Amino acid sequence: QVQLIESGGGSVQAGGSLGLSCAASGHDSTYCIGWFRQTPGKRRQRVATLRLSDGWIDVADSAAGRFAASQDSAKNTLYLQMNSLKPEDAAMYYCAAVSLYSGTCPADPDVYPYWGQGTQVTVSS
């Protein structure tokens, strides 16, 4: 069974940085792993996705230029480095995984069957 464990959440001031980690197990190289975030009353939204087969990474427009995603050499951990944080970035951040057989990693969170428990990110001003 695929397991995902997020860590690194916390409280930072606006303009600060925070790094999140997603430790994955039980997956294989066909998977996409992504970071999503959700605030009360809003739909879960893609932040970044990683295609493990070739290492292709895509960051959502809302985070491009400030956030960066990367993987470790063992392909067991997906990192999300968040810089220049804004209050609007505050959310519960989730790591998710799905098998991918062709194409790009999906942006629709409903496609992802495996989810971590989430880690809270709070940004104060």
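The following paragraphs examine the structure supplied in this document. (Residues numbered from 1 in each chain as written. Predicted model: local features only at pLDDT ≥ 70, side-chain atom pairs only at ≥ 80, totals over all residues. Heavy atoms only, no water.)

### Section: the packing of aromatic side chains
- Inspection of the entire model under this criterion finds 5 aromatic pairs.
- Site record: aromatic cluster; members linked through ring pairs are F36, Y94, Y112 and W115.
- A cation over an aromatic ring shows up here: R44 above the ring of Y94, its NZ or CZ 4.0 Å from the ring centre. (Phe/Tyr/Trp six-rings, centres within 6.5 Å; stacked < 30°, edge-to-face > 60°. Lys NZ or Arg CZ within 6 Å of the ring centre and 35° of its normal.)

### Focus on the side chain of T39
- Residue position: T39 is located in the loop between β4 (31-38) and β5 (45-51).
- For T39, a relative accessible area of 19% gives the class buried.
- Beyond its immediate chain neighbours, meaning those up to four positions away, T39 contacts A90 and A91. (Helix = DSSP H or I, 4+ residues; strand = E, 2+ residues; numbered from the N terminus. Buried < 20%, exposed > 50% of the residue type's maximum accessible area, 1.4 Å probe, protein only. Contact = heavy atoms within 4.5 Å.)

### Here we look at the layout of surface pockets
- A volume near 170 Å³ is recorded for the largest pocket.
- In this structure, the largest pocket is lined by R37, Q38, T39, K42, R43, Q45, S62, R66, E88, D89, A90 and A91.
- Here the residues of the lining of the largest pocket are counted per class, giving 2 nonpolar, 4 polar and 6 charged. (1 Å grid on protein atoms, 1.4 Å probe; cavity = no way out; pocket = protein on both sides within 12 Å on 5 of 7 lines; lining within 4 Å. Points joined across faces, edges and corners; volume = space filled by probe spheres on them. Nonpolar A, V, L, I, M, F, W, Y, C, P; charged D, E, K, R; others polar.)

### Section: the environment of R44
- Here R44 is to be found in the loop between β4 and β5.
- As for R44 and L4, which are separated by 40 residues in sequence, their C-alpha atoms are 17 Å apart.
- Not counting chain neighbours up to four residues away, the residues in contact with R44 comprise F36, R37, Q38, Y94, P109 and W115.
- In terms of polar contacts, R44 uses its side chain to reach the side chain of Q38, at 3.0 Å. (Polar contact = N/O pair within 3.5 Å; in protein donor to acceptor, adjacent residues only side chain to side chain.)

### Considering the state of the cysteines
- This structure, assessed with the given rule, holds 2 disulfides.
- Across the disulfide from C22 sits C95; the S-S distance is 1.9 Å. Residues C22 and C95 are joined by a disulfide whose S-S torsion is about -75°; by sign, that bridge is left-handed. Highlighted residues: C22 in strand β3 (residues 18-25) and C95 in strand β9 (residues 91-99), separated in sequence by 73 residues.
- Across the disulfide, C32 is cross-linked to C105 (sulfur-sulfur distance 2.1 Å). On the sign convention where negative is left-handed, the bridge of C32 and C105, at about -85° about the S-S bond, is left-handed. Residue C32 is located in strand β4, and its partner C105 is located in the loop between β9 and β10 (114-115); the two are separated by 73 residues in the primary sequence. Of the two residues, C32 and C105, neither departs from the other in class, the shared state being buried.
- Sequential numbering of the bridged cysteines in the protein gives the disulfide pattern 1-3, 2-4. (Disulfide = S-S within 2.5 Å.)

### Digging into the side chain of E6
- By the secondary structure assignment, E6 is in strand β1 (residues 3-7).
- As a buried residue without a salt bridge, E6 has its nearest oppositely charged side chain in R44, at a separation of 7.8 Å.
- Polar contacts involving the side chain of E6 include one to the main-chain amide nitrogen of C95, which spans 2.7 Å.
- Here the side chain of E6 touches Q117 through a polar contact of 3.0 Å, landing on its backbone nitrogen. (Lys, Arg positive; Asp, Glu negative; His and termini not counted. Salt bridge = Lys/Arg side-chain N within 4 Å of Asp/Glu carboxyl O.)

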